[in-house]
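Here is what each chain is made of, one letter per residue.
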Amino acid sequence: TQLLEQSPQFLSIQEGENLTVYCNSSSVFSSLQWYRQEPGEGPVLLVTVVTGGEVKKLKRLTFQFGDARKDSSLHITAAQPGDTGLYLCADRDDKIIFGKGTRLHILP
Amino acid sequence: DAEITQSPRHKITETGRQVTLACHQTWNHNNMFWYRQDLGHGLRLIHYSYGVQDTNKGEVSDGYSVSRSNTEDLPLTLESAASSQTSVYFCASSEDLNTEAFFGQGTRLTVV
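## Some remarks on the overall build of chain A
Then step 1. Scanning chain A for helices and strands turns up zero helices and 11 strands.
Then step 2. Of the regular secondary structure in chain A, the N- to C-terminal order runs β-β-β-β-β-β-β-β-β-β-β.
Then step 3. Its C-alpha radius of gyration of 13 Å places chain A within 12% of the 13 Å reference for a compact globule of 108 residues.
Then step 4. For chain A, the spread of C-alpha atoms along the principal axes amounts to about 40 × 30 × 20 Å.
Then step 5. Across the 108 residues of chain A, 45% fall into the buried class.
Then step 6. Long-range contacts, defined here as pairs at least 24 residues apart, represent 52% of the contacts in chain A between residues at least 6 apart.
Then step 7. Carbon and sulfur atoms form 51% of the exposed surface of chain A, whose accessible area is close to 5200 Å².

## Some points on the state of the cysteines
Residue and element names in this part refer to chain B.
Then step 1. As enumerated under the stated definition, the model contains two disulfides over all chains in all.
Then step 2. Bridging cysteine 23 to cysteine 91, the disulfide has an S-S length of 1.8 Å. Measuring the twist about the S-S bond at about -70°, one finds the cysteine 23-cysteine 91 disulfide to be left-handed. Taken together, the positions of cysteine 23 in strand β3 (residues 19–25) and cysteine 91 in strand β9 (residues 87–94) put the pair 68 residues apart, joining distant regions of the chain.

## Concerning the interface of chain A and chain B
Then step 1. On the side of chain B, 22 residues touch chain A, which itself brings 18 residues to the contact.
Then step 2. Between chain A and chain B lies a buried interface of about 1600 Å² when both sides are counted; carbon and sulfur atoms form 50% of it.
Then step 3. At the boundary of chain A with chain B, the tally comes to zero salt bridges.
Then step 4. At the surface where chain A touches chain B, the tally comes to eight residue pairs in polar contact (both at pLDDT 80 or more).
Then step 5. Of all the elements in the fold, those that place two or more residues in the side of chain A that touches chain B are β4 (32–37), β9 (85–92) and β10 (96–98) of chain A.
Then step 6. Taken together, the residues that form the side of chain A that touches chain B break down as eight nonpolar, four polar and six charged.

## Topic: the sheet that holds strand β7 (residues 64–66) of chain B
Residue and element names in this part refer to chain B.
Then step 1. Judged by pairing direction, the sheet is antiparallel, and its four strands sit side by side in the order β1-β3-β8-β7 without closing on themselves. The sheet terminates laterally at β1 (4–7) and β7, the two strands that pair on one side only. Ignoring which end each strand starts from, the neighbouring axes of this sheet average 20° apart.
Then step 2. With three bridges connecting them, β3 and strand β8 (residues 76–78) associate as antiparallel partners.

## So, the pattern of salt bridges
Residues and elements named next belong to chain B.
Then step 1. All chains considered together, the criterion is met by six salt bridges over all chains.
Then step 2. The residue arginine 17 makes a salt bridge to glutamate 14 at a minimum N-O spacing of 3.4 Å.
Then step 3. Since its relative accessible area comes to 45%, glutamate 14 is described here as partly exposed.
Then step 4. Through salt bridges with shared partners, one network takes in Arg36, Asp38 and Arg44.

Definitions and limits used
Within any chain, residue numbers begin from 1 and follow the written order of that chain's sequence. Chain letters and ligand numbers both follow the written order, the letters beginning at A and the numbers at 1. Given that this is a predicted model, residues contribute local features only at a pLDDT of at least 70 and side-chain atom pairs are listed and counted only at 80 or more, while totals for whole chains, interfaces and linings are drawn from all residues. With hydrogens and water stripped out, all remaining heavy atoms of the structure feed into the side-chain values. Helix and strand assignments follow DSSP, with helices taken as H or I runs no shorter than four residues and strands as E runs no shorter than two, numbered in order from the N terminus. The globule rule is 2.2 Å times the number of residues to the power 0.38, and the radius of gyration it is compared with is taken over C-alpha atoms. Per-residue accessibility, obtained with a 1.4 Å probe over protein chains only, is compared with the maximum for each type, and a residue is labelled buried under 20%, exposed over 50%, and partly exposed between these values. Two residues qualify as a contact provided that any one of their heavy atoms is within 4.5 Å of a heavy atom in the partner residue. Residue exposure ignores everything except the shown protein chains as possible cover, and the areas themselves are Shrake-Rupley values with a 1.4 Å probe. Cysteine sulfur pairs qualify as disulfides if the two atoms are within 2.5 Å. Simply put, the buried area is the total loss of 1.4 Å probe accessible area from both parts when two parts are fitted together. By definition, a salt bridge exists where a carboxyl oxygen of Asp or Glu is found within 4 Å of a side-chain nitrogen of Lys or Arg. We define a polar contact as two N or O atoms separated by no more than 3.5 Å, with the added condition that, inside protein, one atom must be a possible hydrogen donor and the other a possible acceptor, whereas residues neighbouring each other in sequence contribute only through side-chain atom pairs. Side-chain classes are defined by residue name, with Ala, Val, Leu, Ile, Met, Phe, Trp, Tyr, Cys and Pro counting as nonpolar, Asp, Glu, Lys and Arg as charged, and the others, Gly among them, as polar. By the convention used here, strands pair only if DSSP detects at least 2 bridges between them. The axes are straight lines fitted to the C-alpha atoms, using for helices just the contacting stretch, and the angles between their N-to-C directions are given from 0 to 180°.

Dropping the structure here:
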């Protein structure tokens, strides 16, 4: 059974700071997705990465996929209060298996 | 606009009762999923379906069942509700097996 570990579990930082959160798998990802979930809502897809070493950017968010396709990172530059939420990584194959998430709180 | 809706949004039920949570999507997606979300456990897969008459068990399927009689709906039934099934339940659908999944807004279920 695949295990996805996300770190840190919780992160609270000041607006304007940079941060990185991590996702590690016990086995190779089929493809990796990052979702963001806001309170009272369902998760919303941010990005899908497929190829080892792949880097994708979404405005101030940078997603990296490890060369061995067993880990990924999400880097946020100049965090804003609107970035607050639960960030989930997931292995996307014929079903979606989620990590437990990193709960991010940006202080104004 | 196409969408995925869950109902009810909130429900309180008693231990031992049968409960059905509804999920309806208008994208005509073949793939549908049910998750529960609990503090400390994240989103865990309960059941999923790849099309009409197809259902599969996820990692936490005990005590739950689903049926898929049409493309649009995947109702989740708790046969005999238990306090351990108090949770927030999310339904999702996707067009293909490797593409974006769209989630409903969730149903908060409390079993007393």
